[in-house]
Amino acid sequence: RPHLERQEIHAWKGCRIVYTGARLDQADLDVWETVLHIARQQELGDECRVTAYQLLKKLGKIDTGANRATLNLRLSRMKKTAVVVRVSGFTGFEGSLIEEVYRAEDNKAYVIRLNQKLDVLFEENQFTLVNWSVRRSLEGKPLAQWLHSFYSTHSKLVFPLKMETLIKLSGASLENPRSARQTLKKA
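Residues numbered from 1 in each chain as written. Predicted model: local features only at pLDDT ≥ 70, side-chain atom pairs only at ≥ 80, totals over all residues. Heavy atoms only, no water.

A.B. asks: Mind laying out the overall build of the chain, listing which residues take part and the relevant values?
C.D. replies: A tally of regular secondary structure across the chain gives seven helices and seven strands. Starting at the N terminus, the α and β elements of the chain follow one another as β-β-α-β-α-α-β-β-β-β-α-α-α-α. Taken over the C-alpha trace, the chain has a radius of gyration of 17 Å; the compact-globule value for 187 residues is 16 Å, and the two agree within 12%. Taken along its principal axes, the extent of the C-alpha atoms in the chain is 50 × 35 × 30 Å. A total of 187 residues make up the chain; the buried ones form 33% of that total. A separation threshold of at least 6 residues defines the contact pool for the chain, and within that pool the share at least 24 residues apart is 52%. Element-wise, carbon and sulfur atoms account for 52% of the exposed surface of the chain, whose accessible area totals about 11800 Å². If the 30 positive side-chain charges of the chain are averaged to one point and the 21 negative ones to another, these points end up 8 Å apart. (Helix = DSSP H or I, 4+ residues; strand = E, 2+ residues; numbered from the N terminus. Rg over C-alpha atoms; globule rule 2.2 N^0.38 Å. Buried < 20%, exposed > 50% of the residue type's maximum accessible area, 1.4 Å probe, protein only. Contact = heavy atoms within 4.5 Å. Areas by Shrake-Rupley, 256 points an atom, 1.4 Å probe, with all protein chains shown as cover. Lys, Arg positive; Asp, Glu negative; His and termini not counted. Charge placed at Lys NZ, Arg CZ, Asp CG, Glu CD.)

Shown next, in the form of structure tokens:
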């Protein structure tokens, strides 16, 4: 995975995202959204206690050593991030996606603490619920998952977007524009 250093991520108009860390993918997003789902009934910044089994079950994965190792890797990768989100010139958030993550090796339990400053991103009208069963049905098709999430969160678009805009926003490769457009159509 490439490591990005203060890399600006293509974002919607009025929003600027600057990212530092290993490039994340849709499977990392699945883990992130699962952690958010589990932690949603408590204050951000409070300890979220969860077992590897619980996380893997919510992700639709079998609790195996390989899946636990992948889960550990994904949580560590998100811990090592630095994200700056600016909306209309105001810094809405700056910090890591996961503030702390501890693992108890004996019972495979995690203690995860999300950055409490993330709350500005989850105020009323600042987030959209994604249909998890649809997202899960698209597993292994990262561009299709991205499109599903994008259109779920932008359901009130009143104008069509150019394919080049979708390709840039998705982070898909632009090395071969024709191939990228065909991949986008298929997704």
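Let's pick the thread back up.
A.B. asks: So what's going on with the packing of aromatic side chains? Residues and values would help.
C.D. replies: On inspection of all chains with the given rule, the structure shows three aromatic pairs. A centroid spacing of 5.0 Å and a plane angle of 15 degrees characterise the contact between tryptophan 146 and phenylalanine 150, whose relative ring orientation is stacked. Of this pair, tryptophan 146 and phenylalanine 150 both sit in helix α5 (residues 142–153), four residues apart, roughly one helical turn. Put simply, the rings of Trp12, Trp146, Phe150 and Tyr151 touch in pairs and so form one group of aromatic residues. (Phe/Tyr/Trp six-rings, centres within 6.5 Å; stacked < 30°, edge-to-face > 60°.)

A.B. asks: Tell me what's going on with the environment of isoleucine 98, and back it up with residues and numbers.
C.D. replies: Looking at the element boundaries, isoleucine 98 is found in strand β6 (residues 98–104). The exposure class of isoleucine 98 is buried, given its relative accessible area of 0%. Sequence separation between isoleucine 98 and alanine 82 is 16 residues, and the spatial gap between their C-alpha atoms is 9.6 Å. If near-sequence neighbours (up to four positions away) are discounted, isoleucine 98 is found in contact with Trp32, Leu75, Met78, Lys79, Ile112, Arg113 and Leu114.

A.B. asks: Quick rundown of the packing of helix α1 (residues 26–39) against helix α3 (residues 65–79)? Include the residues and the values.
C.D. replies: Two elements in contact, α1 and α3, have axes separated by 10 Å at closest approach and are oriented at 80 degrees. Relative to α3, α1 is oriented roughly perpendicular. Residues Ala27, Asp28, Val31, Trp32 and Val35 of α1 form the contact with α3, whose participating residues are Leu71, Arg74, Leu75, Arg77 and Met78. Broken down by class, the residue content of the contact of α1 with α3 amounts to seven nonpolar, no polar and three charged. (Axes fitted to C-alpha atoms, helices over the stretch in contact; angles between N-to-C directions. Parallel < 35°, antiparallel > 145°, perpendicular 65-115°, else oblique. Nonpolar A, V, L, I, M, F, W, Y, C, P; charged D, E, K, R; others polar.)

A.B. asks: Outline the pattern of salt bridges, listing residues and values.
C.D. replies: If you walk through the whole model with that rule in mind, you get 14 salt bridges. With its nearest N and O atoms 2.7 Å apart, the salt bridge here joins arginine 49 to glutamate 47. Across the pair glutamate 164 and arginine 181 runs a salt bridge whose closest N-O atoms are separated by 2.8 Å. Of the two residues, glutamate 164 sits in helix α6 (residues 163–170) while arginine 181 sits in helix α7 (residues 177–186), which places them 17 residues apart along the sequence. Salt bridges here are not isolated pairs; linked through shared partners, they connect Arg1, Asp25, Asp28, Arg74 and Arg77. (Salt bridge = Lys/Arg side-chain N within 4 Å of Asp/Glu carboxyl O.)

A.B. asks: Would you mind going over the nonpolar core in detail, with residue names and values included?
C.D. replies: Soluble, globular proteins show a tendency: their nonpolar side chains are buried together. By size, the foremost hydrophobic cluster in this structure holds 26 residues, and its most contacted members are Leu71, Leu75, Tyr110, Ile112 and Leu114. Secondary structure elements with two or more residues in this core: α1, β3 (47–51), α2 (52–58), α3, β4 (82–87), β6 and β7 (109–114). Sort the elements by how many residues they give to this core and α1 lands first, with five residues. With near-sequence residues (within four places) excluded, leucine 114 lies in contact with Trp32, Val35, Leu36, Ala39, Leu44, Gly45, Leu97, Ile98 and Glu99. (Core = buried A, V, L, I, M, F, W, Y, C linked by side-chain atoms within 4.5 Å.)

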